[in-house]
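What follows is the residue order along each chain.
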Amino acid sequence: MGVLYVKQGASGVSGLSWGDAFGELANAIVQANNSNTTTPGSITEIWVAAGTYYPLYKAGNGSTTRDQAFVLPSNVKIYGGFAGTETLLSQRNWSSHSSVLSGDIGTVGNNSDNSYHVVISGGNVGTAELNGFTITGGNADASSGQITVNSSYYFQKSYCGGIYCISSSPILSNLIITGNSGKYCGGGVNLTNSSPTIS
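Since the model is a prediction, treat every value here as computed from it, not as a measurement.

## Some remarks on a nonpolar patch on the surface
Together, Val 30, Tyr 54, Leu 56 and Tyr 57 make up a nonpolar patch on the protein surface, roughly 320 Å² of accessible area in all. Relative to the helices and strands, Tyr 54 resides in the loop between strand 3 (51-53) and strand 4 (70-71).

What follows is the structure, encoded as structure tokens:
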């Protein structure tokens, strides 16, 4: 099992320990994708310490800052709620150590420049899991337009600001989904042709 570590404010290079943790979840996701492309199954988990994390990269063919989203990587379980010292998953306490994924990427408190979606999952993501996070600040308020992910999945910029799944069934556990909005199809979660495991 390969684990990457994320701790707000850290400046690690490899992400392979708390002492060398990435400072941003977005960078850990990039590393997980790169590692698993080279050596499938080399990264299976990402452990995220308490803090607030923002999507740094545009999803799919996104062209504007507001297209930035966390795209769930295939076969990687992302766990929030760590203090940043644990050696076992069972030691984390996600209710005490709040890990927040926020779409409030622009002017703080002004949702007109927030990410359209905070979390996206498109297609078969295998054993992917998102566990122990607060998802907030997504605002899918566009009148039109879409983001294409993995060449086949079309995420409408007017649908669901929180978690948006298309033909995708990740595991969604221990999540607080609050303060998101969408022009259509709900603000918190939209599941299109998707049957995630929710607990």
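Next comes the rest of the description.
## Observations concerning the pattern of salt bridges
For the structure on display, the rule yields three salt bridges. A salt bridge links Asp 141 to Arg 66; its shortest N-O distance comes to 2.8 Å. On the criterion of sequence distance, the pair formed by Asp 141 in the loop between strand 9 (139-140) and strand 10 (146-149) and Arg 66 in the loop between strand 3 and strand 4 is long-range, its members being 75 residues apart. For Arg 66, a relative accessible area of 14% puts it in the buried group. The salt bridge partner of Glu 129 is Lys 77, with a shortest N-O separation of 3.3 Å. Remark: Lys 77 occurs in strand 5 (residues 77-82) and Glu 129 occurs in strand 8 (residues 129-136); sequence separation between them is 52 residues. On the basis of relative accessible area, Glu 129 is assigned to the buried category, the value being 8%.

## Regarding the pairing of strand 13 (residues 171-177)
Pairing of strand 8 with strand 13, which is carried by six bridges, proceeds in the parallel orientation. Note on strand 13: the bridge partner recorded for Glu 129 is Ile 171.

## Details of the sheet that holds strand 15 (residues 189-192)
Strands sit in the order 4-7-12-15 across an open sheet of four strands; the sheet is parallel. Both edges of this open sheet fall to strand 4 and strand 15, since each of them pairs with a single strand only. Examined bridge by bridge, strand 4 and strand 7 (residues 119-122) share two bridges and lie parallel to one another. Within the sheet, the bridge partner assigned to Val 71 lies in strand 7 and is Ile 120.

About the thresholds
Each chain has its residues counted from 1, running along the sequence as written. Where local features are concerned, this predicted model is filtered to residues with pLDDT of at least 70; where side-chain atom pairs are given and counted, the filter is 80 or more; whole-chain, interface and lining totals use all residues. Hydrogens and water molecules were not included; the side-chain quantities draw on all heavy atoms of the structure. Each patch groups residues whose relative accessible area exceeds 30% and which form no salt bridge, using 9 Å between like charges and 5 Å between nonpolar side chains of Val, Leu, Ile, Met, Phe, Trp and Tyr. Surface accessibility follows the Shrake-Rupley procedure with a 1.4 Å probe radius. Residue values consider only the protein chains on display as shielding. Take a side-chain nitrogen of Lys or Arg and a carboxyl oxygen of Asp or Glu: if they are within 4 Å of each other, that pair is a salt bridge. Numbering goes from the N terminus for both helices and strands, where a helix is a DSSP run of H or I of at least four residues and a strand is a run of E of at least two. A 1.4 Å probe rolled over the protein chains alone gives each residue an accessible area, and that area as a share of the maximum for its type sets the label: buried under 20%, exposed over 50%, partly exposed in between. Strand pairing is assigned whenever DSSP identifies at least 2 bridges connecting the two strands.

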